[in-house]
Structure formats: structure tokens, C-alpha cells
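Here is what each chain is made of, one letter per residue.
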Amino acid sequence: MNIKTHKLLFNIIAPGYNWFFKSQKRNYSKTLSEHINILNLVGHAKILDVGCGTGALTQALADRGFEVIGLDMAKVMLSFGLKRGLDCRYGDILEGLDFDDKSFDLITFAFVAHGLDSSKRRKLFVEAARLSRGKVLFHDYSSDRNIITDIIEYIEGGDYFN
């Protein structure tokens, strides 16, 4: 899927996607409770949540006392995070971001990388490496998923199946 189509799609589905905010936040909070120690983050670690959508992971991380900036290309998605009082900003990591090198203790990507073709994923990895002080977390689909996920991802037209 090209980026212009991707932005349009996610701006269109944002209101429906927002219906799932509470359950998404609950799931992210549970996962963080079980695994946050692996990341070895201290104090008020600075985190960039790329592809933040309506802000569920951004909120779950902020609830733990981290300084979190949510980033997304879909302005309608961002509007929901902003209404929640989150620091959500518009940006496209594939175009490079206006942050200094090594600005963040952690860069997160929740359900982002799977939709990109290999050349775009490479750009994403390079920019994440530039921005991070060493930790990048990709939270994405595994082979343990349901058929509905496969159908939605097929319709999205990303590089999910490659």
C-alpha cells in the first residue's frame, strides 16, 4: 500500500478504531505489566510511540510515569489522542523526523512494520536506530492470530504476508 492510501484509510477508520481504545489500552497495560522489566527503563524514560493511532499504547506507557510522545501520519487518529490529553504529534518516520539523534530511551512500533514493504521497513529501522539510545520495540502480529486479522491485513494491502 502506498503511504497516501495508507493515510487516507487510517483517517477514515479512525472513529471506528477509537471504539477499541479501552480494550487496546487494557491489553497493552497487561503486556507491559508482564514484560516491562525486560526493557530495563529507569525513572522518567523518554519514549517515542510510532504509529500511535488513537493513543492506547501511548496512554499505557504514560500511566507508568514515562514521558511519551505519540506519532502518527493519520491526523484523525491523532485527534483522539489529543482529546485524551496525550502528547500526540503528526509525522512520518519514513521521511525522517525532526528529533535529535539518540533523543529517546525507547522507540515503540505497535502493529506498524508488518504493513510496509521491505524498502520502507528498512527506512523505518534506520530512523529508529538514529533516534534511539539503544532500545527499539516492535510489537506486532505473530503466527498465533485469527483469520479476521489475516483478512483485514489482506484488504489493507500491506506487505504483511511477505
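Anyway, here's the lowdown on the structure attached to this text. This one's a predicted model, so the numbers in the text were calculated from it and none came from an experiment.

**A look at the overall build of the protein**
Secondary structure assignment for the protein yields six helices and five strands. Secondary structure elements of the protein, listed N to C terminal, follow the sequence α-α-β-α-β-α-β-β-α-β-α. Taken across its 162 residues, the protein has 43% of its residues classed as buried. For the protein, the proportion of contacts with a sequence separation of at least 24, taken over those separated by at least 6, is 67%. Of the roughly 9200 Å² that the protein leaves accessible, carbon and sulfur atoms contribute 55%.

**Things to note about the environment of R84**
Here R84 lies in the loop between α4 (75-83) and β3 (88-90). Judged by relative accessible area, R84 falls into the partly exposed class, the value being 29%. With 30 residues separating them in the primary sequence, R84 and T54 have C-alpha atoms 9.0 Å apart. In terms of polar contacts, R84 uses its side chain to reach the backbone carbonyl oxygen of T54, at 3.1 Å.

**Quick look at the pairing of strand β2 (residues 67-72)**
Among the six residues that make up β2, five are buried, leaving the element largely enclosed by the rest of the structure. The pairing of strand β1 (residues 46-50) with β2 spans five bridges and is classified as parallel. Among the inter-strand pairings, V50 is bridged to a residue of β2, identified as L71. Remark: the β1/helix α3 (residues 56-62)/β2 crossover connection has right-handed handedness. Of the pairings in the sheet, the one linking β2 to β3 comprises three bridges and is parallel in character.

**What about α4?**
Here α4 has its buried residues at M77, L78, F80 and G81. All buried residues of α4 lie within an arc of 155° about the axis, which places them on one face of the element. Away from its buried face, by an angle of more than 90 degrees, α4 presents the exposed residues K75 and K83. On the buried face of α4, the contacting elements are α1 (3-18), β2 and β3. Of the residues trailing α4, G85 is marked for its positive phi of about 85°.

**Regarding the environment of C52**
Within the fold, C52 resides in the loop between β1 and α3. Counting along the chain gives 22 residues from C52 to A74, while the straight-line C-alpha distance between them is 9.5 Å.

**Digging into the state of the cysteines**
Scanning the model with the defined rule gives zero disulfides in all. Considering cysteine sulfurs only, C88 is the nearest to C52, which forms no disulfide, with 4.2 Å between them. For C88, a relative accessible area of 7% gives the class buried.

About the criteria used
- Residues numbered from 1 in each chain as written.
- Predicted model: local features only at pLDDT ≥ 70, side-chain atom pairs only at ≥ 80, totals over all residues.
- Heavy atoms only, no water.
- Helix = DSSP H or I, 4+ residues; strand = E, 2+ residues; numbered from the N terminus.
- Buried < 20%, exposed > 50% of the residue type's maximum accessible area, 1.4 Å probe, protein only.
- Contact = heavy atoms within 4.5 Å.
- Areas by Shrake-Rupley, 256 points an atom, 1.4 Å probe, with all protein chains shown as cover.
- Polar contact = N/O pair within 3.5 Å; in protein donor to acceptor, adjacent residues only side chain to side chain.
- Pairing = 2+ DSSP bridges.
- Right-handed = clockwise from strand over helix to strand, strands pointing away.
- Arc of directions from axis to C-beta.
- Disulfide = S-S within 2.5 Å.

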